[in-house]
Amino acid sequence: MTRAACVLIVLSCFVCLCTAVPIHEQQTRFALPQASNREEGLRLISTAENHREWMTEEQILNLIRNNHHFVDVTDGFLENLDGLKPLVQLGPPSDVTHQDLVAPLLANISESAMERFLTKFSSFHTRFYKSVSGTASSEWLFFQVIRLLASNPSDKYTASVRQVHHSFPQSSIIARIEPVSDVSFASNPIVIVGAHLDSVNVQDPMNGRSPGADDDGSGTATLFESLRVLLESRVLDSSVGWSKPIEFHWYAGEEGGGLGSQPIAADYRQRGVNVYAMWQCDMSGYRAPGKEDVIAIMDDYTDVSFSEYVKKLASAYTRFTTVDDSMNGYGGSDHFSWTKAGYPAVFAFDTPWADVNPYIHTPNDDVSHISFSHMAEFAKMIIGWTIELSFE
């Protein structure tokens, strides 16, 4: 039996350890897939809404090599959620209204800090979710978040970070910030931003070099920098109107077919957790040579109204224009898990899909191909998203 351990950091006073029921053990409603297929190392892979087949790891890697999106549904986390109590969904704000809070923060975004973070994060030999170094990279990130939260204590909010353990070695990470108040915010809708922390070398997943600087070290670093700016600016200390908890998610095993985000999204749905909206930041650092700097708003398994709101954030807080785009595939990234769980989710990408970084999933996806100014524009949107959606 595995355990989902969490480290709770109450910033005004102490750090403590606690445990929780493993997420994958809470999914008792789902029947196990055919034991013989699992014993043979096969995984049940979905490449379209109504298409599933058992595949070997080599067949799965061929999907990645061909940019063919897929979801690993072997464990059935997102099955049979339709019978649960319907969610009450709120639409996005009608406009961008908190420029007075957001605009002063944007000058604090540090390209050099993101470069230092990403240089270290991409130095792990690989962050493949089954590998030793993939596990080590997750542990490193976990302790960076602990250090960041502990160095920014406040009596105005509580902050916590926990690891979510899976059936594979690498852990997902969830950081949460919520106001301290006489009024309980536990039932208020949560604002989520996510990225995936794993990487893959499709020629040799376990042993091949896989820096994953853009995919998705860039998204991981963008979220970390956004969290740093929010905490160090003290905007959450003095502002009136903050009413929704904010969560930063770093998912394990995305390259294996959404393996980390599926159980988390399903767990939230089964417990009736109210999620306002989720933003997936998967790749924010590549600038296609000779092309205009843009932010691609993907329409695959995303919420239309919140995607339109992302365009407003880009217009208000960045120098980039947005373009509507599609990956024309199933899954795509971890936003898919939240959409399938019944929550509104959005996905913004660093280039149109036709100009996707050619180095991803290879040893050449390193910091030499990263535009940190491009990442800074994404951090501006992430900060805007967290403030605009979490404040009344």
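Here's what I pulled together on the structure shown here.

Thresholds, definitions, all that
Residues numbered from 1 in each chain as written. Predicted model: local features only at pLDDT ≥ 70, side-chain atom pairs only at ≥ 80, totals over all residues. Heavy atoms only, no water. Helix = DSSP H or I, 4+ residues; strand = E, 2+ residues; numbered from the N terminus. Buried < 20%, exposed > 50% of the residue type's maximum accessible area, 1.4 Å probe, protein only. Polar contact = N/O pair within 3.5 Å; in protein donor to acceptor, adjacent residues only side chain to side chain. Contact = heavy atoms within 4.5 Å. Pairing = 2+ DSSP bridges. Axes fitted to C-alpha atoms, helices over the stretch in contact; angles between N-to-C directions. Left-handed = near helix turned anticlockwise from the far one by under 90°. Nonpolar A, V, L, I, M, F, W, Y, C, P; charged D, E, K, R; others polar. Parallel < 35°, antiparallel > 145°, perpendicular 65-115°, else oblique. Core = buried A, V, L, I, M, F, W, Y, C linked by side-chain atoms within 4.5 Å. Salt bridge = Lys/Arg side-chain N within 4 Å of Asp/Glu carboxyl O. 1 Å grid on protein atoms, 1.4 Å probe; cavity = no way out; pocket = protein on both sides within 12 Å on 5 of 7 lines; lining within 4 Å. Points joined across faces, edges and corners; volume = space filled by probe spheres on them.

Here we take up unusual backbone geometry. Between D215 and the following residue, D216, the backbone shows a cis peptide bond with an omega angle of -5°. A positive phi angle is found at N67, which is not glycine, with a value near 55°. Relative to the assigned elements, N67 resides in the loop between α2 (57-65) and β5 (71-72). Unlike most non-glycine residues, N328 shows phi in positive territory, near 55°. Within the secondary structure, N328 sits in the loop between β12 (321-325) and α10 (335-340).

The next thing to look at is the side chain of S218. By secondary structure assignment, the location of S218 is in helix α6 (residues 213-232). For S218, a relative accessible area of 0% corresponds to the buried category. Within the local environment of S218, its side chain forms a polar contact with the backbone oxygen of D214, the two atoms lying 2.6 Å apart.

Turning next to the side chain of S138. Looking at the secondary structure, you find S138 in helix α5 (residues 132-150). Beyond its immediate chain neighbours, meaning those up to four positions away, S138 contacts Q170, S171, I173 and L197.

We now examine the environment of F143. One can find F143 in helix α5. Linking F143 and V161, residues 18 residues apart in sequence, is a C-alpha distance of 9.4 Å.

Looking now at the environment of K380. You can see K380 is positioned in helix α11 (residues 372-390). Residues contacting K380, with those up to four places away along its chain left out, are L106, I109, Y317 and T318.

With that settled, the discussion passes to the pairing of strand β4 (residues 51-55). In this sheet, β4 lies alongside strand β3 (residues 43-48) in antiparallel orientation, the contact comprising 5 bridges. Counted as the bridge partner of I45 is E53 from β4. Connecting β3 to the next strand, β4, in antiparallel fashion are 2 residues.

So, about the packing of helix α9 (residues 304-317) against α11. Interhelical geometry of α9 versus α11 gives an angle of 115° and a closest axis separation of 9 Å. Considering the relative orientation of α9 and α11, their crossing is right-handed. On α11, the residues that touch F306, Y309, V310, L313, A314 and Y317 of α9 are K380, M381, G384, W385, E388 and L389. Looking at side-chain class alone, the contact of α9 with α11 contains 9 nonpolar, 1 polar and 2 charged residues.

Another aspect to go through is the packing of α5 against α6. Close contact between α5 and α6 brings their axes to 10 Å; oriented N to C, the two are set at 10°. Here α5 lies roughly parallel to α6, going by the angle between them. In this structure, α5 uses L141, Q144, V145, L148 and L149 to contact α6, whose residues at the interface are T220, F224, L227, R228, L231 and E232. Broken down by class, the residue content of the contact of α5 with α6 amounts to 7 nonpolar, 2 polar and 2 charged.

Inspection of the secondary structure puts L149 in helix α5. Sequence separation between L149 and L231 is 82 residues; the distance between their C-alpha atoms is 7.8 Å.

On to the nonpolar core. Within the largest apolar cluster, 70 residues are counted, with the highest numbers of intra-cluster contacts made by L141, V145, L227, F248, W250, W279 and W385. For this core, the leading source of residues is α11, giving 11 residues. If sequence neighbours within four positions are ignored, L141 has contacts with F117, F121, I173, L197, T220 and W250. The next biggest cluster of nonpolar side chains, apart from the first, holds 20 residues, and it includes F77, Y268, W338 and Y343.

On to the pattern of salt bridges, then. Overall, the coordinates contain 19 salt bridges when judged by the stated rule. Across the pair D72 and R43 runs a salt bridge whose closest N-O atoms are separated by 2.8 Å. Placement of the pair is D72 in strand β5 and R43 in strand β3, with a sequence separation of 29 residues. Judged by relative accessible area, D72 falls into the buried class, the value being 4%. When its relative accessible area of 24% is taken as the criterion, R43 is described as partly exposed. With a shortest N-O distance of 2.4 Å, K340 and E49 are connected by a salt bridge. Highlighted residues: K340 in helix α10 and E49 in the loop between β3 and β4, separated in sequence by 291 residues. Note on K340: relative accessible area 29%, which makes it partly exposed.

Counting across every chain of the model gives 2 cavities of 30 Å³ or more. Roughly 310 Å³ of internal volume is contained in the largest cavity. Lining the largest cavity we find 25 residues, and of these H69, E254, E255, G332 and S333 sit closest to its centre. Secondary-structure elements contributing two or more residues to the lining of the largest cavity are α2 and α10.

Remember, this is a structural readout, not a statement about activity or role.
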